[in-house]
Amino acid sequence: MKTYELKYSNTNTYLIAGEKGILLFDTGWSGTFPAFCRCMGELEIPVQDISYILISHFHPDHMGIAQEIADLGPRIVVMDVQQAYIHAADCVFEKEAGSGFKPVDDTGVTILRVGDSREFLAKIGIDGEIFHTPGHSDDSISLWTDSGELFVGDLNPLYELELHKGTRIEESWNKLLGLGPATIYYGHAKKAELDAGVEAASRVDTNDRYELVSKIMRMIDKGVSQDRIQKKTGADRNFIEDVTRMYLTHQNVGVQGILDRIEIKGK
């Protein structure tokens, strides 16, 4: 099995290549399809070689181009716990004139019971399992491989658990940590190698972190890429990635809320 990290949008997506097929875990926001195709071209992997698309949860930045990809051959797999949420984000794209968004075609979707996930994954040569891990959203799922890789979408990173004691987020993490993961792949943060200890803190060499975070948030709202944000602000790339992830995954979070989370991460 081989994992490819695809970074063509503000959402990290992953290709997991088994011995008998390829699984795409998550897709980007609507409008990122050309960038996705370029990324696949750089890997020299035809989109048509993807067997299935699995969405960690049906928020706009994780399922926005799922149907465009599926139109080229890959099949969208939806876990039974997600079925009621397939079109939850459609209304978001309807408000964006000219977004080019294509809703998921229900007739081409495979509905899979969580309990049958190991058998399903085995058919494409991946030894692993899919778990229901609510917390960030009720339809969130995580993909585990027996080799120790864990794909969690927007489940809050481990360094934030202090903020979520006694919640469903903690319950989901307790379930996953019981598996003994070695590598955790996040939807909006750098992968974590648990053998290497706690993830390094993001550092920003500035006396006005509040204003910097505000500026980064405004640029995110305008759809500015992380590369351009770095050029415009001079901020550390890790810091920009942290702010982006926290802003996109925490509803109504403010500047101070982001700064508090970054401080917790650095402890």
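None of these values were measured; they are calculated from a predicted model.

Chemist: Before we go on, may I ask you to explain the packing of helix H8 (residues 226–233) against helix H9 (residues 237–249) in this structure?
Modeler: Helix-helix packing is described using two parameters, namely the angle between the two axes and the distance between the axes. Where H8 meets H9, the axes come as close as 10 Å, and the angle between the chain directions of the two elements is 120°. Taken together, the axis directions place H8 and H9 in an arrangement best described as oblique. Here H8 runs over H9; the crossing is right-handed. Contact with H8, carried on its side by Gln226, Asp227, Ile229, Gln230 and Thr233, involves Arg237, Ile240, Glu241 and Thr244 of H9 and no other residues of that element. Here the contact of H8 with H9 is built from residues that sort into two nonpolar, four polar and three charged.

Chemist: How should the pattern of salt bridges be read in this particular structure?
Modeler: For side chains of opposite charge, pairing can occur when their charged atoms come near one another. Evaluated as defined, the whole model comprises eleven salt bridges. Among the salt bridges present, the one from glutamate 170 reaches lysine 165, with a minimum N-O distance of 3.6 Å. Take lysine 165: its relative accessible area is 59%, and that puts it in the exposed class. One connected set of salt bridges, linked through shared partners, spans Glu5, Lys191 and Glu193.

Chemist: I keep staring at the sheet that holds strand S2 (residues 13–17) and nothing clicks. Help me out?
Modeler: Sheet strands pair by backbone hydrogen bonding; their relative direction is either parallel or antiparallel. The six strands lie next to each other as S1-S2-S3-S4-S5-S6, forming an open sheet whose pairing is mixed. Every other strand in the sheet has two partners, leaving strand S1 (2–6) and strand S6 (109–112) as the edge strands with one partner each. On average, each strand axis in the sheet is inclined to that of its neighbour by 25°, with strand direction left out of account. Each of S1, S2 and strand S3 (22–25) touches helix H1 (residues 33–43); the most contacted strand, S1, lies at about 140° to it.

About the criteria used
What you see as residue numbers is a count from 1 along each chain, following the sequence as written. Predicted model: local features are reported for residues with pLDDT of at least 70 only, side-chain atom pairs are reported and counted for 80 or more only, and whole-chain, interface and lining totals are derived from all residues. Side-chain metrics rest on all non-hydrogen atoms present in the structure, leaving aside hydrogens and water. Under this scheme, a helix contributes an axis fitted over its contacting stretch, all axes are lines through C-alpha atoms, and angles between N-to-C directions fall in the 0 to 180 degree range. Numbering goes from the N terminus for both helices and strands, where a helix is a DSSP run of H or I of at least four residues and a strand is a run of E of at least two. For classification, angles of less than 35 degrees are called roughly parallel, those exceeding 145 degrees roughly antiparallel, those between 65 and 115 degrees roughly perpendicular, and all remaining angles oblique. Take the far helix as the reference: if the near one is turned anticlockwise from it by less than a right angle, the crossing is left-handed, and if turned clockwise, right-handed. Residue contacts are counted whenever heavy atoms from the two residues lie within 4.5 Å of one another. Ten residues, namely Ala, Val, Leu, Ile, Met, Phe, Trp, Tyr, Cys and Pro, are considered nonpolar, four, namely Asp, Glu, Lys and Arg, are considered charged, and the remaining ones, Gly among them, are considered polar. The salt bridge definition used is simple: a Lys or Arg side-chain nitrogen within 4 Å of an Asp or Glu carboxyl oxygen. Exposure classes here rest on a 1.4 Å probe applied to the protein chains alone. A residue is buried below 20% of its type maximum, exposed above 50%, and partly exposed in between. Following DSSP output, two strands are said to pair if at least two bridges run between them.

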